[in-house]
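# A structural walkthrough
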Amino acid sequence: MSLTLSLDFQFTTSIEKIWSALTDSSKLAKWVMENDFEPIVGHRFQFRTQPTEWWNGIIDGEVLIVDAPNRLSYTMESGEKHTVTWTLQDLGDGKVNLHLEQTGISNDQALAGAKYGWVKWGGELEKLLEQ
């Protein structure tokens, strides 16, 4: 059984500013985790955070799709492999919808954890976009 997380975030900003926050490694580090991300299809990267006694703090990824500034997709693997796809839509009047779809989630607990994490990080992204 594979579950999918689907979330939408609305921001008052430009689509280019959100695209930059999704694809610029230094900006991504401010709202998700330290990383060596590059928006190049096939690029392998890592998100890194403080290890715990249960986890080494590393998420391995590979960039799958780069369609600036509309769509970005990559894998995230730490125990199980998920695919994260971001879709940006300019709503006009300075508003942008950022849609997240994360597939390959194995159970309800993992789904709840992913949702908690992305909602928290969405709040951090909002703070970054206000700068």
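Residue numbers run consecutively from 1 along every chain, following the written order of its sequence. Per-residue local features of the predicted model are confined to residues with pLDDT of at least 70, and side-chain atom pairs are confined, for both listing and counting, to 80 or more; whole-chain, interface and lining totals are unaffected and use all residues. Side-chain metrics in this entry use all non-hydrogen atoms of the structure; hydrogen atoms and water are not considered.

- An unreviewed UniProt entry lists the protein under the name SRPBCC domain-containing protein, from Paenibacillus radicis.
- Under the UniProt heading Sequence similarities (unreviewed entry), the note attached to the protein is "Belongs to the AHA1 family." UniProt positions are given in the numbering used here, feature names are shortened, and annotations may be inferred rather than shown by experiment.

### Section: the overall build of the protein
- Within the protein one finds three helices and seven strands.
- In this description a helix means any DSSP run of H or I spanning at least four residues, a strand means any run of E spanning at least two, and both kinds are numbered starting from the N terminus. Ordered by position from N to C terminus, the α and β elements of the protein give β-α-α-β-β-β-β-β-β-α.
- Relative to a compact globule of 131 residues, whose C-alpha radius of gyration would be 14 Å, the protein shows 14 Å and is just as compact.
- Taken along the three principal axes of its C-alpha coordinates, the protein extends 45 × 30 × 25 Å.
- With a 1.4 Å probe rolled over the protein chains alone, any residue whose accessible area is under 20% of its type maximum counts as buried; one over 50% counts as exposed, and the rest are partly exposed. In the protein, which comprises 131 residues, the share counted as buried stands at 39%.
- Here the protein has roughly 7300 Å² of accessible surface; of this, 49% comes from carbon and sulfur atoms.
- For the purpose of counting charges, residues Lys and Arg are taken to be positive, whereas Asp and Glu are taken to be negative. His and the chain ends are not included. Just so you know, the charge point we use is NZ for Lys, CZ for Arg, CG for Asp and CD for Glu. One way to put it: in the protein the 11 positive side-chain charges average out to a point 3 Å from where the 19 negative ones average out. In this description the radius of gyration comes from C-alpha coordinates, and the expected globular size is given by 2.2 Å times residues to the power 0.38. All accessibility values rest on the Shrake-Rupley procedure with a 1.4 Å probe; residue burial counts only the protein chains present in the view.

### Structural notes on the nonpolar core
- As used in this record, nonpolar core signifies buried Ala, Val, Leu, Ile, Met, Phe, Trp, Tyr and Cys residues forming a set joined through side-chain atoms within 4.5 Å. If you look at the biggest cluster of nonpolar residues, it comprises 35 residues, and the most contacted ones within it are Trp31, Phe47, Tyr74, Trp86, Leu98 and Trp118.
- When residues in this core are grouped by element, the largest group, six residues, is from helix H3 (residues 108–129).
- In this view, Trp31 contacts Ala21, Leu22, Trp86, Trp118, Trp121, Glu124, Leu125 and Leu128; residues no more than four positions away in its chain are not counted. In what follows, a contact means two residues having at least one pair of non-hydrogen atoms within 4.5 Å.

### Brief notes about the UniProt feature "domain: Activator of Hsp90 ATPase homologue 1/2-like C-terminal" (unreviewed entry) in the protein
- The UniProt record annotates "domain: Activator of Hsp90 ATPase homologue 1/2-like C-terminal" (unreviewed entry) at residues 13–130.
- Span residues 13–130 is 32% helix and 42% strand, its end C-alpha atoms 8 Å apart.

### Things to note about unusual backbone geometry
- Note that the residue after Ala68, namely Pro69, is joined by a cis bond; omega there is -10°.
- Counting through the fold element by element, Pro69 comes out in the loop between strand S4 (58–67) and strand S5 (71–78).
- One non-glycine residue with positive phi stands out, namely Asp93, at about 55°.
- Tracing the sequence through the fold places Asp93 in the loop between strand S6 (80–92) and strand S7 (95–105).

### Some details on H3
- Counted at 1.5 Å a residue, the expected span for H3 with its 22 residues is 32 Å, and the 31 Å between its end C-alpha atoms agrees.
- Turning to H3, its buried residues number three or more, namely Ala114, Gly117, Trp118, Trp121, Gly122, Leu125, Leu128 and Leu129. Looking down the long axis of H3, one finds its buried residues gathered within 150° of arc, a one-sided arrangement. Exposed side of H3, more than 90 degrees from the buried face: Asp108, Gln109 and Tyr116 are the residues found there.
- Looking at the buried side of H3, the elements it contacts are strand S1 (3–12), helix H1 (15–23), helix H2 (25–31), S5, S6 and S7.
- Any pair of N or O atoms that falls within 3.5 Å is considered a polar contact. Within protein, one atom must be able to donate a hydrogen and the other to accept it, and sequence-neighbouring residues count only if both atoms are side-chain atoms. The distance from a side-chain oxygen at the start of H3 to the backbone nitrogen of Gln109 is 3.0 Å, and the residue carrying that oxygen is Asn107. Helix span, expected: 1.5 Å multiplied by one less than the number of residues in the helix. Here, the arc refers to the directions that run from the helix axis to the C-beta atoms.

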